[in-house]
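Chain residues, written in single-letter form:
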Amino acid sequence: MTPPRRLAVAAATLTLAAFTTACGAIGQAVDCNTAASDATKIATEFSSSMTDASAVESAAKTASDKTKELAGKYDGEVAAALNDLADAYNAIKPGDAASMTEFSTKINGFTSKITAACS
């Protein structure tokens, strides 16, 4: 498994864990769990699409677009967290280790923000 692919798998895992452990109120839990499921699907597709270094940019753009579309379905903190995740995908540049490090940092920020939104 290539390093970018490991990061994508980690992103999917973090996304799901953040949503499912943080959801409190029933209505909010439904929103968070639905968003988690959709965000996890996007992260899984992103991971699967990165077959080689040349596919990274296209996979990241698609994941960013889909995550922004998903964010449009929500309000407030959930939407803001999803938009942050979309920005994280958008910042990934092929062959640029610094952008992958930045992606990891942004995933941590996304996780914190979505945990706060869903608790």
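Bear in mind that the values here come from a model prediction, so they are computed numbers and not experimental data. (Residues numbered from 1 in each chain as written. Predicted model: local features only at pLDDT ≥ 70, side-chain atom pairs only at ≥ 80, totals over all residues. Heavy atoms only, no water.)

Undergrad: Just checking my understanding: could you explain the side chain of threonine 67 for this structure?
TA: Inspection of the secondary structure puts threonine 67 in helix H3 (residues 56-71). For threonine 67, a relative accessible area of 1% gives the class buried. Apart from residues lying up to four places away in sequence, threonine 67 is in contact with Ile42, Leu82, Leu85, Ala86 and Tyr89. (Helix = DSSP H or I, 4+ residues; strand = E, 2+ residues; numbered from the N terminus. Buried < 20%, exposed > 50% of the residue type's maximum accessible area, 1.4 Å probe, protein only. Contact = heavy atoms within 4.5 Å.)

Undergrad: I would appreciate a short explanation of the packing of helix H4 (residues 76-90) against helix H5 (residues 97-117) in the present structure.
TA: Packed helices, taken two at a time, are described by the angle between their axes plus the distance between the axes. In contact at an axis separation of 9 Å, H4 and H5 are set at 170° when each is read in the N-to-C sense. By the criterion of interaxial angle, the relationship of H4 to H5 is roughly antiparallel. On H5, the residues touching Glu77, Val78, Ala80, Ala81, Leu82, Asp84, Leu85, Asp87, Ala88 and Tyr89 of H4 are Phe103, Lys106, Ile107, Phe110, Lys113, Ile114 and Ala117. Classifying every residue of the contact of H4 with H5 by side-chain character gives 12 nonpolar, no polar and five charged. (Axes fitted to C-alpha atoms, helices over the stretch in contact; angles between N-to-C directions. Parallel < 35°, antiparallel > 145°, perpendicular 65-115°, else oblique. Nonpolar A, V, L, I, M, F, W, Y, C, P; charged D, E, K, R; others polar.)

Undergrad: I keep staring at the pattern of salt bridges and nothing clicks. Help me out?
TA: A side chain with one charge can pair with a side chain of the opposite charge if their charged atoms come near. Enumeration according to the criterion identifies four salt bridges in this entry. Between lysine 61 and aspartate 65 there is a salt bridge, and its shortest N-O distance comes to 3.0 Å. Residue lysine 61 and its partner aspartate 65 are both found in helix H3; the two are separated by four residues, about one turn of the helix. What makes aspartate 65 partly exposed here is its relative accessible area of 36%. When the shortest N-O distance is used, the salt bridge between lysine 106 and glutamate 102 registers 3.1 Å. (Salt bridge = Lys/Arg side-chain N within 4 Å of Asp/Glu carboxyl O.)

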